[in-house]
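Letter by letter, the chains look like this.
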Amino acid sequence: LPLDERLKRRVIDGERNGLEADLDTAMAQGRTPLSIINDLLLDGMKVVGELFGSGQMQLPFVLQSAEVMKTAVAYLEPHMEKTDDDGKGRIVLATVKGDVHDIGKNLVDIILSNNGYDVVNIGIKQPINAILDAAEEHRADAIGMSGLLVKSTVIMKENLAEMASRGVAERWPVLLGGAALTRAYVEDDLRSIYPGQVHYARDAFEGLSLMDRVMA
Ligand code: B1M
């Protein structure tokens, strides 16, 4: 297979042997780490999602695909461009309660960290109390919640309602992202229950531009 196709295939097949060598070759050929992730590896992940969703792929294989994705991102990360900016603001990032998906959240972490933000990534399955405690403790300027399950979109709504009832909505602008969310749900439904700022980020780059806007 041609290199691009092979890298995509590695994610679909969960094949790690020789992954680093292929990543090196792709970079040597002039592909940026971000283009490898966005244009090749995430394409493979999309196929995995489709195969899993239609019952053609079982969970242990999805896990292997996720491992390839994580290994690749960790390998590429030191090669990514970083700005010299520093101290642009601090964000607490979490995957919401009940949800283990963290590849997207961790990409958001990398993109924000590489672009001058201080990211406090508290991990997966985080209840709202833990998120707010971390935001308080680290004096965060914003909170980012990720979640991929449909159930997580409901949890996000509950979290915002909780923040509103505690009167902390003005303190923390919230960024939301994840495959099950839609812009309309965030901007029409969630904004109406949250007296502070709440924004939908389609991907990690929109997350970055939103942070830039929030901190301006
Ligand atoms: Co899961 N899973 N999974 N899974 N999994 C989905 C989400 C699913 C859509 C697959 C499917 O059925 N087609 C489906 C959800 C269906 C639904 O809710 N309606 C699903 C399911 C059902 C499940 C389990 C319930 C399966 C089971 O146990 N029977 C289980 C859930 C367990 C739980 O959470 N309690 C489960 C488990 C897993 C694995 C552990 C095997 C693995 C996760 C490994 C890991 O993350 N460490 C996994 C995977 C890999 C997927 C798919 C195939 C791929 C997800 C992924 O990493 N995508 C996924 C299919 C899909 O998403 N369509 C699926 C790549 C990643 C970069 O994209 O996270 O969307 P994403 O991030 C994007 C944007 O969304 C955005 O930026 C990123 C791009 O730049 N973004 C943000 C995300 N968060 C953001 C936050 C921001 C800003 C932007 O600011 C704060």
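The structure under discussion appears in the preceding block.
Residues numbered from 1 in each chain as written. Predicted model: local features only at pLDDT ≥ 70, side-chain atom pairs only at ≥ 80, totals over all residues. Heavy atoms only, no water.

(A) Main features of the pairing of strand β1 (residues 89–95). For β1, the tally of buried residues reaches six of seven residues, placing the bulk of the element in the interior. Here β1 pairs with strand β2 (residues 117–121) via five bridges, running parallel. Residue pairing for β2: Gly89 is matched across the bridge by Tyr117. Crossover handedness for the path β1 to helix α5 (residues 103–114) to β2: right-handed. (Buried < 20%, exposed > 50% of the residue type's maximum accessible area, 1.4 Å probe, protein only. Helix = DSSP H or I, 4+ residues; strand = E, 2+ residues; numbered from the N terminus. Pairing = 2+ DSSP bridges. Right-handed = clockwise from strand over helix to strand, strands pointing away.)

(B) Examining the site of the ligand more closely. Taken together, 34 residues form the shell around the ligand, and within it Gly98, Val100, His101, Asp102 and Ser146 come nearest. In this structure, Ser146 approaches the ligand through a side-chain N or O atom, which is 2.8 Å from a nitrogen atom. A distance of 3.5 Å separates an oxygen atom of the ligand from a polar backbone atom of Gly178. Those elements that provide at least two residues to the shell around the ligand are α3 (33–53), α4 (59–76), α5, β3 (142–146) and β4 (174–177). Broken down by class, the residue content of the shell around the ligand amounts to 20 nonpolar, nine polar and five charged. (Near = heavy atom within 4 Å. Polar contact = N/O pair within 3.5 Å; in protein donor to acceptor, adjacent residues only side chain to side chain. Nonpolar A, V, L, I, M, F, W, Y, C, P; charged D, E, K, R; others polar.)

(C) The arrangement of the layout of surface pockets in detail. In this model, the largest pocket occupies a volume close to 1400 Å³. What lines the largest pocket is a set of 47 residues, and nearest its centre among them are His101, Ile103, Gly104, Leu148 and Ala179. Mapped onto the lining of the largest pocket, the elements with two or more residues apiece are α3, α4, β1, α5, β3, β4 and α9 (204–215). Residue contributions to the lining of the largest pocket peak at eleven residues, all from α3. In the lining of the largest pocket, the residues fall into 29 nonpolar, ten polar and eight charged. Of the voids in this model, the second largest pocket is the one considered here, and its volume is about 210 Å³. In terms of lining residues, the second largest pocket is bounded by Thr32, Pro33, Leu34, His79, Met80, Glu81, Lys82, Thr83, Ile111, Asn114, Asn115 and Phe205. Mapped onto the lining of the second largest pocket, the elements with two or more residues apiece are α3 and α5. When the residues that make up the lining of the second largest pocket are grouped by side-chain class, the tally is five nonpolar, five polar and two charged. (1 Å grid on protein atoms, 1.4 Å probe; cavity = no way out; pocket = protein on both sides within 12 Å on 5 of 7 lines; lining within 4 Å. Points joined across faces, edges and corners; volume = space filled by probe spheres on them.)

(D) Broad picture of the coordination of the cobalt atom of the ligand. Looking at the protein side alone, the cobalt atom of the ligand has one donor only, His101 (NE2), at 2.2 Å. Examined against the element boundaries, His101 turns out to sit in the loop between β1 and α5. (Donors = N, O, S within 2.8 Å, 3.2 Å for Na, K, Ca; no water.)

(E) Up close: the sheet that holds β4. Across the sheet, five strands lie side by side as β2-β1-β3-β4-β5; this open sheet has parallel pairing. A single partner strand is all that each edge strand has here, and the edge strands are β2 and β5 (198–200). The sheet shows a mean angle of 25° between the axes of neighbouring strands, taken without regard to direction. Pairing geometry for β3 and β4, over four bridges, is parallel. Along β4, the bridge assignment pairs Ser146 with Gly177. Packing of α9 onto the sheet brings it into contact with β1, β2, β3, β4 and β5, and relative to β5 it is tilted by some 155°. (Axes fitted to C-alpha atoms, helices over the stretch in contact; angles between N-to-C directions. Contact = heavy atoms within 4.5 Å.)

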